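Okay, here's what each chain looks like letter by letter:
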Amino acid sequence: METSGALGLQSCPRLGLEGVGRRPGGFVRFSRGFKDEKGVEKLVFRRPSSIGRPIQLRFNGLDVSCSYKNSAVESESVKVCVDEALILKRKSEEVAPYLNGQCIYLIGMMGSGKTTVGKILSEVLGYSFFDSDKLVEQAVGATSVAQIFKEHSEDFFRENESEVLRELSSMHQLVVATGGGVVIRPINWRHMKKGITIWLDVPLEALARRIAAVGTASRPLLHHESGDAYTKALLQLNKLYQERGEYYTNADATVSLQDIADEQANSDVSALTPTAIAIEALIKIKNFLTTDKSNGRS
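The rules we used
- Residues numbered from 1 in each chain as written.
- Predicted model: local features only at pLDDT ≥ 70, side-chain atom pairs only at ≥ 80, totals over all residues.
- Heavy atoms only, no water.
- Helix = DSSP H or I, 4+ residues; strand = E, 2+ residues; numbered from the N terminus.
- Buried < 20%, exposed > 50% of the residue type's maximum accessible area, 1.4 Å probe, protein only.
- Contact = heavy atoms within 4.5 Å.
- Pairing = 2+ DSSP bridges.
- Axes fitted to C-alpha atoms, helices over the stretch in contact; angles between N-to-C directions.
- Polar contact = N/O pair within 3.5 Å; in protein donor to acceptor, adjacent residues only side chain to side chain.
- Salt bridge = Lys/Arg side-chain N within 4 Å of Asp/Glu carboxyl O.

> Report on the overall build of the protein chain, specifying residues and quantitative values.
The secondary structure content of the protein chain amounts to 10 helices and 11 strands. Within the span of the protein chain, comprising 298 residues, buried residues form 48% of the whole. The long-range share in the protein chain, meaning contacts at least 24 apart out of those at least 6 apart in sequence, stands at 68%.

Take a look at the structure:
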């Protein structure tokens, strides 16, 4: 028997970015009038017509999909998905009063799930979502980070990345998925510390498996090793972590996927659903904010 669960978003927030454009040097300029399309709170169960087809749940604008391959585990699959969706909603309601509109910045190594988890958090909190890499691409007129590295340089990308964060840091109610190397520049921390920084800490072996599965073409910093995709990814990830690891620990809170897996008596972090990771992020955000307030800091 095999059971798996996954949470996907039917649609990302639609942002009115009419004011986004390039200026000399390739830096980005934002309009303050962006808008977000929020989901309507509801829970709908759509039962499949045959065994092996996914069970679809819709909750607060989120689509939850539970797939199963044996009817004996169907009810348990549905229960896990519904439980996670309900917990996610409850945790978002608990943390919202403490957030008070502060932005959330997700940091972590490439492939750690910042975009996937960020979209879930933005939907359930009623926030808007931005991917900082995508905004840099849009600012300089490129189709990928790899293209920017090739046609310009990593330094050029980092300068634009910092400008993007400066602009975002003046806004409210955003979830921002950042690039893996954003942590190496002190100016970026000054921008991100206007909100809350969350480190998605994923074992490097798990990251290497994820990246190898989809290929390294979009990862410009992984092009310098030879060998099979997994070995190449793991070698370069280890090098990058040596450079960045200490910076990630400056985050306001850490979401350790290994810790979540251990709590679930499952050593395989790849079996975790994005929903479970988002729930843990909300718990860590609340813990940080309540501790921060009790210490007399705003």
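> Give me the sheet that holds strand β11 (residues 253–256): which residues, what numbers.
Here we have five strands laid out as an open sheet, ordered β8-β9-β7-β10-β11, and parallel in their pairing. On the outer flanks of this sheet lie β8 (128–131) and β11, each paired with one strand and no other. Neighbour-to-neighbour, the strand axes of this sheet turn through a mean angle of 20 degrees, independent of strand direction. With four bridges connecting them, β8 and strand β9 (residues 174–177) associate as parallel partners. From the neighbouring strand, aspartate 131 faces β9, where its bridge partner is alanine 177. Its contacts with the sheet put helix α3 (residues 132–140) on β8 and β9, and the angle it makes with β8 is roughly 65 degrees.

> Residues and numbers for α3, please.
Among the residues making up α3, those that are buried are Ser132, Leu135, Val136, Glu137, Ala139 and Val140. The distance from a side-chain oxygen at the start of α3 to the backbone nitrogen of aspartate 133 is 2.9 Å, and the residue carrying that oxygen is aspartate 131. Looking one or two places after α3, you find glycine 141, whose phi comes out positive at around 75 degrees.

> Tell me about the pattern of salt bridges, and name the residues and values.
Side chains bearing opposite charge may pair, as long as their charged atoms lie close to each other. Here the structure, examined in full by the defined rule, presents 12 salt bridges. Of the charged contacts, one joins lysine 134 and glutamate 137 as a salt bridge, the two residues approaching to 3.9 Å between their closest N and O atoms. A residue pair is termed a helical-turn pair when its members lie 3 or 4 positions apart in one helix, as lysine 134 and glutamate 137 do in helix α3 at three residues. Judged by relative accessible area, glutamate 137 falls into the buried class, the value being 8%. Residue arginine 185 is joined to glutamate 159 by a salt bridge in which the shortest nitrogen-to-oxygen separation is 2.8 Å. In this pair, arginine 185 is assigned in the loop between β9 and α6 (186–192) and glutamate 159 in helix α5 (residues 154–168), connecting sequence segments 26 residues apart. Through salt bridges with shared partners, a single ionic network connects Arg90, Lys91, Glu94 and Lys286.

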